[in-house]
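Read off the chains here:
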Amino acid sequence: MVSPDTRVTVLAGGVGAARFLAGLVRVVEPAGVTAVVNVADDVDLFGLRVSPDLDTVTYTLAGVVSPETGWGLVDETWQAMATVERLGGPTWFRLGDRDLGTHLYRTRRLAEGAPLSTVTAEIAGGWGAPCRILPVSDDRIETRVTLTDGREIGFQEYFVRERHAVEVAAVRFAGADDARPAPGVLEAIDDADVVVIAPSNPVVSIGPLLAVAGLHERLAAKRQRVVGVSPLIGGRALKGPADRLLRELGERPDAVGVARRYRDLAATAVIDTVDAPLAAEIEALGVRAVVTDTIMRDPETAGALAARTVEAAVASS
Ligand code: GDP
Ligand code: CA
């Protein structure tokens with residue numbers, strides 16, 4: 001049994017992390033939960049700052065996410081995009097009418113000089129998210145993807161416009177070297193009873209978080225209480241390019257590859273039942289492997305995974 005007052009900090013990307021968080025707040029007190037969220041997917045479109053992972057986490061926790069996609073708002077309409085299309089503007093990145101209000105608000109507040117962490121708290125409060133949501137940094141970090149043909153493109157161009165169907169040679173996080181952790185981020189790691197690396201893309205969702213000064217060191221310092229949940233099940237991502245990216249970067253595209261990435265930071269790996277045969281290889285890396293069902297079909301199954309994950313980290317420490 002997980003004690004409801006366990007304080008948990010979650011390193012988060014978008015959809016995979018948001019589902020995990022929605023389960024977590026069912027099994028521990030939401031007031032003790034902090035999500036530290038990737039900002040390297042953020043993009044400026046039509047003069048608006050769009051923060052996809054922050055918004056996915058916020059909308060999911062507030063119960064207003066679109067159930068069809070796992071991102072964007074429920075009951076969305078697309079009139080504004082239809083107008084852009086009529087006028088011949090770019091429509092490869094779709095912004096819904098309801099969702100646009102969030103981007104209008106964020107952009108105006110940033111222009112007024114408010115830091116992203118302040119604006120994020122305002123947006124999370126406005127939508128009614130029950131736990132704390134922090135961008136990993138108030139500074140700009142941008143994932144840049146080099147393709148095997150030598151071109152370098154932005155993350156959303158790779159992910160959305162090219163539908164991640166192009167071969168990647170390298171990934172870098174522009175700005176990460178100079179980015180400082182947002183206020184509260186390092187404290188949220190230090191003060192947590194358990195830190196979870198969410199089942200998010202290890203390369204492009206978790207990678208940028210670990211590149212921010214201090215994060216790697218603080219996690220390594222509490223390795224016994226850090227647990228990573230594999231987003232790869234049977235060697236495949238449930239959605240998105242995590243498996244492809246790991247393979248293209250020369251790493252193993254499975255739960256062993258993920259555990260290897262996190263081995264200095266996380267003493268425990270949570271892997272899916274279908275990957276039970278990989279447990280011995282993970283243990284050989286010096287990482288404890290915990291085998292359970294990791295497919296989050298709904299908030300109940302996500303809650304069960306979150307409980308198992310938190311228990312595993314408490315037991316290992
Ligand atoms: P994005 O930023 O919206 O692409 O989302 P994330 O990086 O947070 O999550 C993408 C990853 O979540 C993919 O690699 C998926 O395999 C993983 N994922 C999504 N749903 C689940 C699930 O139910 N269980 C597990 N274990 N992983 C999941
Ligand atoms: Ca993302």
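As the structure is a computational prediction, the values presented were derived from the model and not from experiment. (Residues numbered from 1 in each chain as written. Chains lettered and ligands numbered in written order. Predicted model: local features only at pLDDT ≥ 70, side-chain atom pairs only at ≥ 80, totals over all residues. Heavy atoms only, no water.)

Trainee: So what exactly am I meant to see when it comes to the overall build of the protein here?
Mentor: Of regular secondary structure, the protein possesses 13 helices and 14 strands. Against the 2.2 N^0.38 benchmark of 20 Å for 317 residues, the protein shows a C-alpha radius of gyration of 19 Å, consistent with a compact globule. Across the 317 residues of the protein, 55% fall into the buried class. Within the protein, contacts between residues at least 6 apart in sequence are counted, and of these 68% link residues at least 24 apart. Carbon and sulfur atoms provide 51% of the accessible area of the protein, an area that totals close to 13200 Å². (Helix = DSSP H or I, 4+ residues; strand = E, 2+ residues; numbered from the N terminus. Rg over C-alpha atoms; globule rule 2.2 N^0.38 Å. Buried < 20%, exposed > 50% of the residue type's maximum accessible area, 1.4 Å probe, protein only. Contact = heavy atoms within 4.5 Å. Areas by Shrake-Rupley, 256 points an atom, 1.4 Å probe, with all protein chains shown as cover.)

Trainee: I keep staring at the site of ligand 1 and nothing clicks. Help me out?
Mentor: Near ligand 1, the surroundings consist of 22 residues, among which Ser200, Ser205, Pro231, Thr294 and Met296 are the closest. At 3.4 Å, a backbone N or O of Ala17 approaches an oxygen atom of ligand 1. Between ligand 1 and Pro199 there is a distance of 2.9 Å, counted from an oxygen atom to a backbone nitrogen or oxygen. In a pocket analysis with a 2 Å cut-off to the grid points, ligand 1 is assigned to the largest pocket. With four residues, helix α1 (residues 15-27) is the largest single contributor of residues to the shell around ligand 1. Residue classes in the shell around ligand 1 are distributed as 11 nonpolar, eight polar and three charged. (Near = heavy atom within 4 Å. Polar contact = N/O pair within 3.5 Å; in protein donor to acceptor, adjacent residues only side chain to side chain. 1 Å grid on protein atoms, 1.4 Å probe; cavity = no way out; pocket = protein on both sides within 12 Å on 5 of 7 lines; lining within 4 Å. Sits in = over half its atoms within 2 Å of the grid points. Nonpolar A, V, L, I, M, F, W, Y, C, P; charged D, E, K, R; others polar.)

Trainee: It is not clear to me how empty space enclosed by the protein should be interpreted in this structure. Could you clarify?
Mentor: Think of a ball as big as a water molecule: rolled over the atoms, this probe shows where empty space is left. Tallying each qualifying case throughout the model produces one cavity of 30 Å³ or more. Put simply, the largest cavity is a space of about 80 Å³. Residues that form the lining of the largest cavity fall into these classes: 10 nonpolar, three polar and one charged. (Points joined across faces, edges and corners; volume = space filled by probe spheres on them.)

Trainee: So what exactly am I meant to see when it comes to the sheet that holds strand β10 (residues 226-229) here?
Mentor: Across a sheet, paired strands are connected by hydrogen bonds in the backbone, their directions being either parallel or antiparallel. On the basis of which strands lie adjacent, the open sheet formed by seven strands has the order β5-β2-β1-β9-β10-β13-β14 and parallel pairing. Across the chains shown, the open sheet's two edge strands, defined by having one partner strand only, are β5 (132-135) and β14 (288-292). Geometrically, the sheet is characterised by an average inter-axis angle of 25° between neighbouring strands, direction not taken into account. Direction of pairing for strand β9 (residues 194-197) relative to β10: parallel, over a ladder of three bridges. Within the sheet, the bridge partner assigned to Ile197 lies in β10 and is Gly228. (Pairing = 2+ DSSP bridges. Axes fitted to C-alpha atoms, helices over the stretch in contact; angles between N-to-C directions.)

Trainee: Quick question: what am I supposed to make of the packing of aromatic side chains here?
Mentor: Working definition: an aromatic ring pair is given by the centre-to-centre distance plus the angle between the planes. Inspection of every chain in the model, using the stated rule, returns four aromatic pairs. Taking the centre distance of 6.4 Å and the plane angle of 55° together, the rings of Phe155 and Tyr158 count as tilted. Highlighted residues: Phe155 and Tyr158, both in helix α6 (residues 155-161), separated by three residues, approximately one helical turn. Taking relative accessible area as the criterion, Tyr158 reaches 0% and is therefore assigned buried. Arranged with centres 5.1 Å apart and planes meeting at 20°, the rings of Phe155 and Phe159 form a pair that is stacked. Taken as a pair, Phe155 and Phe159 lie in helix α6 at a separation of four residues, close to a single helical turn. Given the relative accessible area of 5%, Phe155 is considered buried. Residue Phe159 is classed as partly exposed on the basis of its relative accessible area, which comes to 26%. Here the aromatic residues Phe155, Tyr158 and Phe159 are joined through ring pairs into a cluster of three or more. Lying over the aromatic face of Trp78, Arg94 brings its terminal NZ or CZ to 4.3 Å of the ring centre. (Phe/Tyr/Trp six-rings, centres within 6.5 Å; stacked < 30°, edge-to-face > 60°. Lys NZ or Arg CZ within 6 Å of the ring centre and 35° of its normal.)

Trainee: Explain the nonpolar core here, please?
Mentor: Where a protein is soluble and globular, its nonpolar side chains tend to be buried together. In terms of nonpolar packing, the biggest core is built from 78 residues, with Leu11, Phe20, Leu21, Leu24 and Val57 touching the most fellow members. Sort the elements by how many residues they give to this core and helix α13 (residues 299-316) lands first, with seven residues. With near-sequence residues (within four places) excluded, Phe20 lies in contact with Val10, Val196, Pro199, Val229, Met296, Leu305, Ala306 and Thr309. Grouped together as the second largest cluster of nonpolar side chains are 11 residues, Val256, Ala269, Ala279 and Leu285 included. (Core = buried A, V, L, I, M, F, W, Y, C linked by side-chain atoms within 4.5 Å.)

Trainee: Would you mind going over the coordination of the calcium ion (ligand 2) with me for this structure?
Mentor: By definition of the ideal shapes, four donors in a tetrahedron about a metal sit 109.5 degrees apart, and six donors in an octahedron sit 90 or 180 degrees apart. Every protein donor of the calcium ion (ligand 2) is listed here as Asp41 (OD), Asp53 (OD) and Asp53 (OD), and their distances to the metal cover 2.0 to 2.7 Å. With Asp41 in the loop between β2 (33-37) and β3 (43-45) and Asp53 in helix α2 (residues 52-62), this pair connects stretches of sequence that are 12 residues apart. Each member of the pair, Asp41 as well as Asp53, is classed as buried. (Donors = N, O, S within 2.8 Å, 3.2 Å for Na, K, Ca; no water.)

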